[in-house]
Amino acid sequence: MGFDQTFSGAWWKQLLWLTSVIVFFFVGMYILRPQVGISPQTESVFTSPAEQETQKLNFWDLVELFIDPGGFANQKEVNRPYALLVVLAGMLLLTGILISVFSNMLERRVERFRKGDSHYAFSNHIIILGIDDMVPYLIQQLRRNAEYKKCDIVVLTVEDTEQVRLKFHAELNRKEERRLVILHGRRDSKEELKKARVHKAEKLFILGEANEYDRDSLNIDCVKRVAEICEQTKRKKPLCCHVLFEYQGTFSVFQVSDISQQIKQYIEFTPFNFYEIWARRVLVKCSAESNGTIHYFPLDRGGISENSENYVHLVIIGMTRMGIALAIEAAHIAHFPNFKTHRKKTRITFIDREARREMDFFMGRYRHLFDLSEARFMDCEQDKTFHPCPRTSTADFIDLEWDFIQGRAESEPVQTLLGQWSGEKDKLLTIAICFNFPHTSLALGLYLPDAVYAHQVPVLIRQETSDTILQIVNSSIKYQALRPFGMVNRCYDLTMEDLYLPKCINYVYDYFYQHTVNPPDFPSEKELTEKWNKLRVVKQWSNIYNASSIATKLRSIGIALPMKDRMRELTPHEIAILAEVEHNRWNVEELLMGYRTVTPEEEKEIEKNIELKNVYKEKRTAHYDIRPYEDLRSDESGRCANVYDISITSAIPLILNHIHTQTDQVED
């Protein structure tokens with residue numbers, strides 16, 4: 001058994017074993033060589049002991065016979081029996097076993113590579129832990145990115161590496177497959193993580209395996225183990241770590257809760273969620289790459305001004321995780337100046353056959369938002385009438401309203417509603433079909449009421465793997481407003497991880513807080529990042545959501561992004577109306593993050609002692625500034641809270657022009 005373990009082990013053990021045998025053989029053969037022999041060079045016979053010693057087979061004679069059987073013919077008669085033994089041993093050990101060992105070493109190396117068991121001295125590489133359909137597209141983006149173009153990409157997975165390699169071979173070209181290594185192992189094993197050399201990596205993506213049970217918990221366990229390895233190896237620079245969370249509940253927790261300081265010291269933690277990313281691509285970026293670029297219609301189309309009678313109406317069919325993500329993203333960005341002038345609110349409508357049950361769960365999750373928002377419920381199979389949902393407050397400063405309709409999307413009452421909504425002139429309608437089954441979503445998207453297609457209402461249709469059918473259908477005039485979204489293999493977008501804009505927004509806020517004026521310019525990216533890393537995660541997300549809303553706000557005053565030239569300064573009136581829009585957006589953001597308004601008793605206590613404002617915010621999640629814009633009060637610095645909305649709004653040209661300049665310098 002010991003022999004089998006040694007010989008089937010590492011290649012150096014096999015070579016050591018063979019070398020030992022050869023050495024043992026040489027020592028034995030040299031000791032047991034014939035006492036009297038005649039060397040091939042000697043023609044006469046000597047009988048004295050000294051002369052006999054010189055005629056024995058010496059060391060180099062044995063070497064010659066061992067490596068060259070042809071030397072046997074030169075031996076005299078008396079030496080040939082022993083020489084034959086040496087020749088046969090050489091043929092066995094060199095020609096047979098040695099070649100077999102080297103052949104076995106090469107075969108095992110190839111086998112280890114194919115099975116993902118190879119070990120390499122990676123450094124400054126990119127690691128992807130886990131495999132699912134989004135990985136090939138992620139690799140393609142990394143290969144197109146100039147920063148990571150020459151990095152090794154290591155994929156660590158428990159899946160069969162041969163099958164993974166075949167999958168990559170089908171979806172990647174030869175250039176993209178270059179310097180791509182697939183390793184077999186578990187992401188929750190320290191040994192396997194060390195084999196991938198996570199402590200030497202430049203960037204880490206923790207995705208988990210496809211269809212894996214409890215993926216989110218395993219991903220967090222992996223983060224802890226990576227941090228421990230970085231600590232043990234005394235890594236200096238925090239490892240940029242992107243962590244996928246399958247469930248929005250888990251993702252939401254890490255939007256408001258910081259990871260431990262011990263982990264934060266070694267890990268630059270960036271959580272992301274499949275559904276949230278797609279919601280941002282559709283509603284914020286308004287584009288996605290597939291077989292070409294897919295362009296999505298903004299919810300507000302070309303913008304909603306303060307004098308407009310239009311309002312956004314987003315209809316989501318299917319209260320799935322994708323549907324919820326779209327609703328939450330729309331709630332973050334769909335805020336417009338005509339709420340103040342015409343009391344126009346963004347309306348978000350859910351249609352689902354289990355709407356009552358899903359509504360209870362949704363409203364319970366965001367109870368503080370629904371305490372202040374108008375919501376209605378209708379059962380299409382019962383009385384077909386909207387009934388207001390109870391709420392604890394009569395306040396009316398939230399510019400969102402919600403509808404929940406219980407019924408089948410293909411039923412006559414729902415189809416009638418969709419047809420009616422499509423024809424309303426002041427309604428900017430968008431329909432998102434978010435069923436979990438692509439064929440069901442596609443079938444419904446192709447058989448909506450004629451009014452939907454006649455008015456070119458944008459229809460988003462969730463697809464899982466391919467958008468080919470919809471691309472073909474788009475060539476028809478009737479279906480040209482249909483757009484696919486939600487494809488698993490087109491999920492992660494490297495361009496959306498750029499936090500430079502949110503970092504600039506944070507710098508403006510911080511500078512204004514200290515100096516009461518906006519900064520004249522921006523410092524280096526290193527300084528921006530240092531300030532960013534000191535923020536609590538909830539503040540980071542607040543800046544990210546602020547950045548996401550800039551394009552929508554600028555459209556409302558007639559400015560479309562991206563701009564080819566530098567942006568003009570905003571007028572005092574534009575700053576005033578957009579500052580109020582920003583506060584309305586911020587109110588919803590804080591309510592979605594779990595904050596609530598202060599009670600009348602808490603308000604009185606804070607007015608007596610303004611220092612309690614932050615105490616109640618941190619300990620009770622009661623925010624004193626969640627209130628109408630015109631009712632904002634002074635903070636601990638003595639400033640009215642609206643000055644921060646005005647500061648951030650007036651700095652938009654400064655921020656965008658700075659980024660425009662930075663981009664031009666990079667291109668040059």
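Going by what an unreviewed UniProt entry lists, the protein chain is known as RCK N-terminal domain-containing protein and is assigned to Odoribacter splanchnicus.

Novice: Honestly, the overall build of the protein chain in this entry has me stumped. Any pointers?
Specialist: A tally of helices and strands in the protein chain yields 29 helices and 18 strands. For the protein chain, the proportion of its 668 residues judged to be buried stands at 52%. A sequence separation of at least 24 residues applies to 74% of the contacts in the protein chain between residues at least 6 apart. Carbon together with sulfur atoms contributes 54% to the accessible area of the protein chain, which is approximately 32300 Å² in total.

Novice: What should I look at first to understand helix α18 (residues 412-422) in this one?
Specialist: Side chains three or four residues apart in an α-helix point the same way, a direct result of the helix having 3.6 residues per turn. Burial of α18 is extensive: eight of the 11 residues sit out of reach of the surface. Of all the positions in α18, only Pro-413, Val-414, Gln-415, Leu-417, Leu-418, Gly-419, Trp-421 and Ser-422 are classed as buried.

Novice: Is there a simple way to think about the side chain of Asp-379 in this case?
Specialist: Among the secondary structure elements, Asp-379 is positioned in strand β11 (residues 374-379). Within the buried core, Asp-379 has no salt-bridge partner, and the shortest N-O distance to an opposite charge, that of Arg-356, equals 7.3 Å. Excluding residues within four positions of it along the chain, Asp-379 makes contact with Lys-384 and Gln-406.

Novice: Quick question: what am I supposed to make of the sheet that holds strand β12 (residues 387-388) here?
Specialist: Within a sheet, adjacent strands bond to each other through the backbone by hydrogen bonds, running parallel or antiparallel. Taken together, eight strands build an open sheet; the order of strands is β12-β11-β13-β10-β9-β14-β15-β16 and the sheet is mixed. In this open sheet, the two strands that pair with only one neighbour each are β12 and β16 (482-485).

Novice: Looking at this model, I keep getting lost on the environment of Tyr-492. Mind explaining?
Specialist: Positionally, Tyr-492 belongs in the loop between β16 and α22 (500-515). Overall, Tyr-492 belongs to the buried group, its relative accessible area being 5%. Measuring from C-alpha to C-alpha, the distance between Tyr-492 and Leu-138 comes to 6.4 Å, with 354 residues separating the pair along the chain. Within the structure, Tyr-492 has its side chain in polar contact with the side chain of His-242 (distance 3.0 Å).

Novice: What exactly am I supposed to notice about the pattern of salt bridges here?
Specialist: Any two side chains of opposite charge can pair, on the condition that their charged atoms come close. Enumeration according to the criterion identifies 41 salt bridges in this entry. Salt-bridge contacts for Glu-424 lead to Lys-427; the nearest nitrogen and oxygen are separated by 3.3 Å. Among the charged side chains, a salt-bridge network with shared partners connects Glu-603, Glu-607, Arg-627, Asp-631 and Arg-633.

Novice: Help me understand the packing of α22 against helix α24 (residues 537-555) in this model?
Specialist: Relative placement of two packed helices is described by the angle separating their axes and the distance separating the axes. As a packed pair, α22 and α24 sit with axes 8 Å apart at the nearest point and diverge in direction by 110°. The angle between the axes of α22 and α24 places the two elements in the roughly perpendicular class. Residues Leu-501, Pro-502, Ile-505 and Asn-506 of α22 touch α24, and the partners they reach there are Asn-543, Ile-544, Asn-546, Ala-547 and Ile-550. Residues belonging to the contact of α22 with α24 are distributed by class as follows: six nonpolar, three polar and no charged.

Novice: Would you mind going over the nonpolar core with me for this structure?
Specialist: As a rule of thumb, soluble globular proteins bury nonpolar side chains together. By size, the foremost hydrophobic cluster in this structure holds 121 residues, and its most contacted members are Phe-168, Trp-278, Phe-350, Phe-362, Trp-402 and Phe-404. Per-element accounting of this core gives the leading share, nine residues, to helix α14 (residues 321-333). In this structure Phe-362 touches Met-319, Ile-324, Ile-328, Phe-350, Phe-370, Trp-402 and Phe-404, once residues within four positions along its chain are discounted. Ranked by size, the runner-up nonpolar core spans 27 residues in total, among them Met-378, Ile-405, Leu-417 and Leu-448.

Novice: Is there a simple way to think about the side chain of Asp-645 in this case?
Specialist: Among the structural elements, Asp-645 can be located in helix α28 (residues 642-650). The buried charged residue Asp-645 lacks any salt bridge, with Arg-585 as its nearest oppositely charged partner at 6.9 Å. Among residues more than four places away in sequence, those in contact with Asp-645 are Ala-579, Glu-582, His-583, Tyr-629 and Leu-632.

Novice: Could you clarify how one ought to interpret the pairing of strand β5 (residues 239-244) in this entry?
Specialist: Moving residue by residue along a regular strand, the side chains alternate between the two faces of the sheet. Of all six residues making up β5, six are buried, and the element is well covered by its neighbours. With burial as the criterion, each face of β5 is covered, one bearing Leu-239, Cys-241 and Val-243 and the other bearing Cys-240, His-242 and Leu-244. Both strand β4 (residues 203-206) and β5 contribute to a ladder of four bridges, which runs parallel. Its bridge partner being in β5, Phe-205 is matched across the sheet by His-242. Where the polypeptide runs from β4 across helix α10 (residues 215-232) and back to β5, its parallel neighbour, the crossover connection is right-handed. As paired elements, β5 and strand β6 (residues 267-272) share six bridges and run parallel to each other. Bridging from a neighbouring strand, Cys-241 pairs with Phe-269 of β6.

Novice: Just checking my understanding: could you explain the confidence of the model for the protein chain for this structure?
Specialist: Should the pLDDT be low somewhere, the predicted coordinates at that spot are not to be read in detail. Overall, the prediction assigns the protein chain a mean pLDDT of 87, with 85% of residues at 70 or greater. The model gives residues 35-47 a pLDDT under 50, and that stretch makes 25 contacts with residues more than four places away or in other chains.

Novice: Help me understand the packing of aromatic side chains in this model?
Specialist: Each aromatic ring pair is summarised here by two numbers: the centre-to-centre distance and the angle between the ring planes. Going through the model one piece at a time under the given rule, you end up with 24 aromatic pairs. Geometrically, the ring pair formed by Phe-350 and Trp-402 is stacked, given 6.4 Å between the ring centres and 10° between the ring planes. Within this pair, whereas Phe-350 is found in strand β10 (residues 346-352), its partner Trp-402 is found in strand β13 (residues 400-406), the two being separated by 52 residues in sequence. Owing to a relative accessible area of 0%, Phe-350 belongs among the buried residues under this scheme. The buried category is assigned to Trp-402, whose relative accessible area is 0%.

Novice: What's the story with the sheet that holds strand β1 (residues 126-129) in this structure? I'm lost.
Specialist: Read from one edge to the other, the open sheet built from six strands follows the order β3-β2-β1-β4-β5-β6, with strand pairing classed as parallel. Edge strands, defined here as strands with exactly one partner in the open sheet, are β3 (180-184) and β6. Across the sheet, the mean angle from the axis of one strand to that of its neighbour is 20°, orientation sign disregarded. Sitting on the sheet, helix α7 (residues 161-171) touches β2 (153-157) and β3, and the angle it makes with β3 is about 155°.

Cut-offs used in this document
- Residues numbered from 1 in each chain as written.
- Predicted model: local features only at pLDDT ≥ 70, side-chain atom pairs only at ≥ 80, totals over all residues.
- Heavy atoms only, no water.
- Helix = DSSP H or I, 4+ residues; strand = E, 2+ residues; numbered from the N terminus.
- Buried < 20%, exposed > 50% of the residue type's maximum accessible area, 1.4 Å probe, protein only.
- Contact = heavy atoms within 4.5 Å.
- Areas by Shrake-Rupley, 256 points an atom, 1.4 Å probe, with all protein chains shown as cover.
- Lys, Arg positive; Asp, Glu negative; His and termini not counted.
- Salt bridge = Lys/Arg side-chain N within 4 Å of Asp/Glu carboxyl O.
- Pairing = 2+ DSSP bridges.
- Polar contact = N/O pair within 3.5 Å; in protein donor to acceptor, adjacent residues only side chain to side chain.
- Axes fitted to C-alpha atoms, helices over the stretch in contact; angles between N-to-C directions.
- Parallel < 35°, antiparallel > 145°, perpendicular 65-115°, else oblique.
- Nonpolar A, V, L, I, M, F, W, Y, C, P; charged D, E, K, R; others polar.
- Core = buried A, V, L, I, M, F, W, Y, C linked by side-chain atoms within 4.5 Å.
- Right-handed = clockwise from strand over helix to strand, strands pointing away.
- pLDDT = per-residue confidence, 0-100.
- Phe/Tyr/Trp six-rings, centres within 6.5 Å; stacked < 30°, edge-to-face > 60°.

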